[in-house]
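Observations on the model geometry
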Amino acid sequence: MLTALVTGGTSGLGAAFARSLARKGFNLILVARNEDRLREVAEQLAGEHGIHVETMAADLADREHVDRVAQRLADPTQPVDLLVNNAGFSVGTPFLTEDFSPHDMGTDVMCRTVALLSGAAGRSMTQRGTGWIVNIASIAGCVTMGEYSAIKAYVTSMTESLAVELHGTGVQATAVLPGWVRTEFHSRAGIAGSSIPNFMWLNADQVADEALADVARGKVLSIPTLRYKAVYATLHHLPRPAVRWISRQVSGARKREQKA
Ligand SMILES: NC(=O)c1ccc[n+]([C@@H]2O[C@H](COP(=O)([O-])OP(=O)(O)OC[C@H]3O[C@@H](n4cnc5c(N)ncnc54)[C@H](OP(=O)(O)O)[C@@H]3O)[C@@H](O)[C@H]2O)c1
């Protein structure tokens, strides 16, 4: 039986990846901060799918906690076949703000940890000559809407670079670029999302299923749903001033929504 480790596997997209992998018969290791929720989700998945589910309470902004997860990925006695670097959150703080801590937290969890865990998983997977590393980026990385866009652009670029490094090893890296997905992401960040048209919202289970199908096909970039494939292609062909104009309009709508 194969084993997958999913960071942020207790909510939203991470929980959807965990469910999809459980349906495929993977044993799971779920990583998040909230221990009660980890236990609850693990019991439910183990009960429904007859799989083994391990939990690791870890704050992925804390280097010691991250090292503990990296050690689990490196353990040759209990190999991990698939890693989903999913844990993340919105960083809406402007670059001009004096308190830099939200930026630190964002880059620690969504850049440093993603690269560090990808490396740890990649080292042990290449020794076995097989494995999959799935990093959750975002369509937000194709626009220019603050630190969050910059972070997600990093995840896409880092994963493509990793795929180049892993070429020919039997280990695969995939960046997933979802559009807007209904999860706890927006409410946790105090974003109502009322300015986002209904048809642009995606279902987390659909995104996870499509992304894992792309992983099985060996894709390095996965953009779930036709809607967002079209958005991705458009953003990549537009001149950069047009991309910045769109970014200003969407950021403006979000600011007006927050004031209302
Ligand atoms: N929702 C969207 O529209 C959307 C679109 C594109 C990409 N994404 C990306 O998808 C990923 C998952 O987001 P989501 O929408 O599913 O959000 P979510 O429902 O809020 O889930 C976030 C998960 O990450 C965990 N997490 C957050 N901070 C953590 C930390 N410091 N250490 C360990 N675990 C942490 C949370 O558990 P604990 O709080 O218990 O730690 C939770 O399990 C993120 O990388 C996000 O950027 C989301």
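The structure under discussion appears in the preceding block.
Nothing here was measured: the structure is a model prediction, and the numbers come from that model.

Cut-offs applied
Residues numbered from 1 in each chain as written. Predicted model: local features only at pLDDT ≥ 70, side-chain atom pairs only at ≥ 80, totals over all residues. Heavy atoms only, no water. Near = heavy atom within 4 Å. Polar contact = N/O pair within 3.5 Å; in protein donor to acceptor, adjacent residues only side chain to side chain. Areas by Shrake-Rupley, 256 points an atom, 1.4 Å probe, with all protein chains shown as cover. Nonpolar A, V, L, I, M, F, W, Y, C, P; charged D, E, K, R; others polar. Buried < 20%, exposed > 50% of the residue type's maximum accessible area, 1.4 Å probe, protein only. Helix = DSSP H or I, 4+ residues; strand = E, 2+ residues; numbered from the N terminus. Pairing = 2+ DSSP bridges. Right-handed = clockwise from strand over helix to strand, strands pointing away. Core = buried A, V, L, I, M, F, W, Y, C linked by side-chain atoms within 4.5 Å. Contact = heavy atoms within 4.5 Å. Axes fitted to C-alpha atoms, helices over the stretch in contact; angles between N-to-C directions. Parallel < 35°, antiparallel > 145°, perpendicular 65-115°, else oblique. Left-handed = near helix turned anticlockwise from the far one by under 90°.

This next bit is on the site of the ligand. Around the ligand, the structure places 30 residues, and the nearest of them are S11, L13, R33, Y148 and T183. Between the ligand and D59 there is a distance of 2.9 Å, counted from a nitrogen atom to a side-chain nitrogen or oxygen. Protein burial of the ligand: of its 890 Å² of free accessible surface, 97% is covered by the chains. Classifying every residue of the shell around the ligand gives 14 nonpolar, 11 polar and 5 charged.

Let us now look at the pairing of strand β6 (residues 171-176). Most of β6 sits inside the fold, with 6 of its 6 residues counted as buried. The two faces of β6 match: V171, A173 and A175 on one face and Q172, T174 and V176 on the other face are all buried. In this sheet, β6 lies alongside strand β5 (residues 131-136) in parallel orientation, the contact comprising 6 bridges. Looking at the pairing, G131 lines up with V171 of β6. Read as a crossover between parallel neighbours, the route from β5 over helix α5 (residues 147-166) to β6 is right-handed. Examined bridge by bridge, β6 and strand β7 (residues 221-222) share 2 bridges and lie parallel to one another. Of the residues in β7, the one forming a bridge with V176 is S222.

Most often, soluble globular proteins keep nonpolar side chains buried together rather than apart. Judged by nonpolar contacts, the single largest core of 46 residues is most densely connected at F17, L21, L28, L30, L45, V84 and L177. Residues within four places of V84 in sequence aside, it is in contact with L5, V6, T7, F17, L21, V134 and I136. Listed in part, the 33 residues of the second largest apolar core include A87, M110, L117 and A163.

The 7 strands lie next to each other as β3-β2-β1-β4-β5-β6-β7, forming an open sheet whose pairing is parallel. The strands lining the two open edges of the sheet, one partner per strand, are β3 (53-57) and β7. Note: strand β1 (residues 3-7) against strand β4 (residues 82-85), 3 bridges, orientation parallel. Bridge pairing links A4 to L82 in β4. Sheet contacts for α5: β5, β6 and β7; angle to β6, the most-contacted strand, approximately 160 degrees.

Contact pair helix α3 (residues 63-74) / helix α4 (residues 101-128): the axes reach a minimum separation of 8 Å and the direction vectors enclose 20 degrees. Classified by the angle between their axes, α3 and α4 sit roughly parallel to one another. As for the relative orientation of α3 and α4, their crossing is right-handed in sense. Where α3 abuts α4, its residues R63, V66, D67, V69, A70, L73 and A74 lie against R112, T113, L116, L117, A120, A121 and S124. Taken together, the residues of the contact of α3 with α4 sort by class into 9 nonpolar, 2 polar and 3 charged.

As for its placement among the helices and strands, T159 is situated in helix α5. Through-space distance from the C-alpha of T159 to that of V114 is 9.3 Å; in sequence the pair is 45 residues apart. With sequence-adjacent residues up to four places away left out, T159 is seen in contact with N135, A173, T174 and A175.

A separate point is the packing of α4 against α5. The geometry of α4 relative to α5 is characterised by a closest axis approach of 10 Å and an angle of 10 degrees between their N-to-C directions. One element, α4, and the other, α5, form an angle in the roughly parallel class. Two packed elements cross with a definite hand, and for α4 against α5 that hand is right-handed. Along its contact with α4, which presents H103, G106, T107, M110, C111, V114, A115, S118 and T126, the element α5 presents E147, Y148, I151, K152, Y154, V155, M158, L162 and L166. Across the contact of α4 with α5, the residue classes break down as 11 nonpolar, 5 polar and 2 charged.

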